[in-house]
Amino acid sequence: MKTSKLLFYLDDDIDDLNYFKHITSGLGHRTEIFMNGNELIYALKHEVEKPDIIFLDVHMPILNGEEILNILKKSEDYKGIPTIMISGAFPKKLARDYQKIGADYLMKKAVGDDLKASLGHVLQLNFPLTA
């Protein structure tokens, strides 16, 4: 059974990207980081190894998290990859919209031990989640 996961993380904040990568590495996982949606889509199309989980920051320039989520979930090649939406807040309507599109999990953006605990929880989940 594969315990180490390959994670893709999209965020436009380099500090958040590096901190996420540091935390996930400490948890025993490999993380590829992306600062824009086009880079992430390019990597999905051209990398031999597909990610086990994709994390998307909601608020992004050019292609935001919702737009990337739509692309992923409409593609036969990527719709089976669990996708986690990350934001500082999830109003109920926004959360429902993301779940309708196909987000597998909504994670509040956190720092420090809270981020480590949140990631530890998400990385232990078995996707797809059952209702």
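This is a predicted model, so every value here is computed, not measured. (Residues numbered from 1 in each chain as written. Predicted model: local features only at pLDDT ≥ 70, side-chain atom pairs only at ≥ 80, totals over all residues. Heavy atoms only, no water.)

Draft legend 1. Quick peek at the pairing of strand β4 (residues 83–87). Counting buried positions along β4 gives five out of five residues, so the element sits mostly inside the fold. Burial along β4 is two-sided: Thr-83, Met-85 and Ser-87 and Ile-84 and Ile-86, pointing in opposite directions, are all buried. By the bridge criterion, four bridges tie strand β3 (residues 53–57) to β4 in an arrangement that is parallel. Bridge pairing in β4 places Asp-57 opposite Ile-86. Note on the crossover from β3 through helix α3 (residues 65–74) to β4: the handedness is right-handed. As defined by bridge partners, β4 adjoins strand β5 (residues 105–108) across four bridges and the pair is classed as parallel. Considered in β5, the bridge of Met-85 is made with Leu-106. Crossover connection from β4 via helix α4 (residues 92–101) to parallel β5: handedness right-handed. (Buried < 20%, exposed > 50% of the residue type's maximum accessible area, 1.4 Å probe, protein only. Helix = DSSP H or I, 4+ residues; strand = E, 2+ residues; numbered from the N terminus. Pairing = 2+ DSSP bridges. Right-handed = clockwise from strand over helix to strand, strands pointing away.)

On their own, these measurements won't tell you what the molecule is for.
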